[in-house]
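So you can see what is in the structure, the chains are spelled out below.
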Amino acid sequence: MKINTETIIVDPHPLLRVKSEDVPLPLSPEDLELAHSLMQYVRDSRDPVKAEQEKLKPAVGIAAPQIGINKKIFAVSVDMLDEDDNVETIEYLLVNPKLIAHSKRECALKSGEGCLSIETEYEGLVYRYERVTFKAFDVLQNQEIIIKESDYVGIVLQHEYDHLLGVLFYDRINKTNPWKEKDNATIID
Ligand code: CO
């Protein structure tokens, strides 16, 4: 299955608002292919040559509901700089993720969030937990794992997790004061 801009559904498509179903494990060949297609999209979308050739919008994550399949699967691939300024790619290909713990403290990206399935620009701070712990089956590691992430990677995980619940990022923007800063939250550049 090849995912591109044409196969991604956009808001207000009703399937973006559906709660996704648990996926039986071990994965069926069909679900495994779906998972790998999601990861392939995210990886290819950040390759300038492939993105241009195949008309892919750059992304750091995509969830199955975004191609109209309401199953609990999402892919995340984020390039981060380590202490020596080397690029380190952090990737998760998760099935049936569950948010099992989180900090009280929150964080938000200074410039807000975007989404492959949202063409309108919604401005404002999207508050999320600063630190999160997820339990999930990771297809890349072929086992159930506990994930502890924070800040940017934590935000990406929570954004994709929201897709499985039928929640979109702009739902979380303060309607009366979109850029309102909170006391217990860090704003990330
Ligand atoms: Co999204």
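## Side note on the sheet that holds strand 7 (residues 143-150)
Ordered by their spatial adjacency, five strands build an open sheet running 1-2-3-6-7, and the pairing between neighbours is antiparallel. The open sheet terminates on both sides in strands that have one partner only, identified here as strand 1 (61-63) and strand 7. On average, adjacent strands in this sheet sit at an angle of 40 degrees to one another, irrespective of strand direction. Bridge count between strand 1 and strand 2 (residues 73-81): three bridges; the pairing is antiparallel. The residue bridging Ala 63 from the neighbouring strand is Phe 74, located in strand 2. Where helix 1 (residues 29-45) meets the sheet, its contacts fall on strand 1, strand 2 and strand 3 (87-102), and the angle it forms with strand 2 comes to roughly 30 degrees. Here helix 3 (residues 151-165) sits on the sheet in contact with strand 1, strand 2, strand 3, strand 6 (131-138) and strand 7, set at roughly 165 degrees to strand 2.

## A short note on the environment of Leu 116
Mapping Leu 116 onto the fold places it in the loop between strand 4 (106-109) and strand 5 (128-129). By relative accessible area, Leu 116 is classed as buried at 9%. With 16 residues separating them along the chain, Leu 116 and Val 132 place their C-alpha atoms 23 Å apart. When sequence neighbours within four positions are dropped, the list of residues in contact with Leu 116 reads Ile 8, Val 10, Tyr 41, Lys 57, Pro 58, Ala 59, Gly 61, Ile 62 and Gln 66.

## Points about the pattern of salt bridges
The tally for this structure, following the rule as stated, stands at 16 salt bridges. The salt bridge partner of Asp 22 is Lys 72, with a shortest N-O separation of 3.0 Å. Note that Asp 22 is positioned in the segment before helix 1 and Lys 72 in the loop between strand 1 and strand 2, a separation of 50 residues in sequence.

## A short note on the layout of surface pockets
Its volume calculated, the largest pocket comes out at about 490 Å³. Forming the walls of the largest pocket are 26 residues, and the residues nearest its centre are Val 60, Glu 113, Gly 114, Cys 115 and His 159. In terms of residue count, the dominant contributor to the lining of the largest pocket is helix 3 (six residues). A per-class count over the lining of the largest pocket returns 12 nonpolar, eight polar and six charged. As a volume, the second largest pocket reaches approximately 150 Å³. Together, Leu 99, Glu 106, Tyr 127, Arg 128, Tyr 129, Phe 134, Gln 158, Tyr 161, Asp 162, Leu 165 and Arg 172 line the second largest pocket. Looking at the lining of the second largest pocket, the elements that each hand over two or more residues are strand 5 and helix 3. A total of four residues in the lining of the second largest pocket trace back to one element, the largest contributor, which is helix 3.

## Things to note about the side chain of Glu 130
Within the fold, Glu 130 resides in the loop between strand 5 and strand 6. The exposure class of Glu 130 is buried, given its relative accessible area of 9%. Reaching out from Glu 130, the side chain makes a polar contact with the side chain of Thr 186 at a distance of 2.6 Å. Contact partners of Glu 130, with chain neighbours within four places excluded, come to Ser 103, Arg 105, Glu 106, Cys 107, Glu 149, Ser 150, Asp 151 and Thr 186.

## Concerning the packing of aromatic side chains
Geometry of an aromatic ring pair is reported as the spacing of the ring centres plus the angle between the planes. Taken as a whole and judged by the stated rule, the model has four aromatic pairs. Note on Tyr 122 and Phe 169: the rings are 6.4 Å apart at their centroids and 85 degrees apart in plane angle, and the pair reads as edge-to-face. On the criterion of sequence distance, the pair formed by Tyr 122 in the loop between strand 4 and strand 5 and Phe 169 in the loop between helix 3 and strand 8 (185-188) is long-range, its members being 47 residues apart. Geometrically, the ring pair formed by Phe 134 and Tyr 161 is edge-to-face, given 5.1 Å between the ring centres and 70 degrees between the ring planes.

## Looking at the pairing of strand 4
Of the two faces of strand 4, the one holding Glu 106 and Ala 108 and the one holding Cys 107 and Leu 109 are both buried throughout. With four bridges connecting them, strand 4 and strand 8 associate as parallel partners. For Ala 108, the partnering residue across the bridge sits in strand 8 and is Ile 187.

Rules of the game
- Residues numbered from 1 in each chain as written.
- Predicted model: local features only at pLDDT ≥ 70, side-chain atom pairs only at ≥ 80, totals over all residues.
- Heavy atoms only, no water.
- Pairing = 2+ DSSP bridges.
- Helix = DSSP H or I, 4+ residues; strand = E, 2+ residues; numbered from the N terminus.
- Axes fitted to C-alpha atoms, helices over the stretch in contact; angles between N-to-C directions.
- Contact = heavy atoms within 4.5 Å.
- Buried < 20%, exposed > 50% of the residue type's maximum accessible area, 1.4 Å probe, protein only.
- Salt bridge = Lys/Arg side-chain N within 4 Å of Asp/Glu carboxyl O.
- 1 Å grid on protein atoms, 1.4 Å probe; cavity = no way out; pocket = protein on both sides within 12 Å on 5 of 7 lines; lining within 4 Å.
- Points joined across faces, edges and corners; volume = space filled by probe spheres on them.
- Nonpolar A, V, L, I, M, F, W, Y, C, P; charged D, E, K, R; others polar.
- Polar contact = N/O pair within 3.5 Å; in protein donor to acceptor, adjacent residues only side chain to side chain.
- Phe/Tyr/Trp six-rings, centres within 6.5 Å; stacked < 30°, edge-to-face > 60°.

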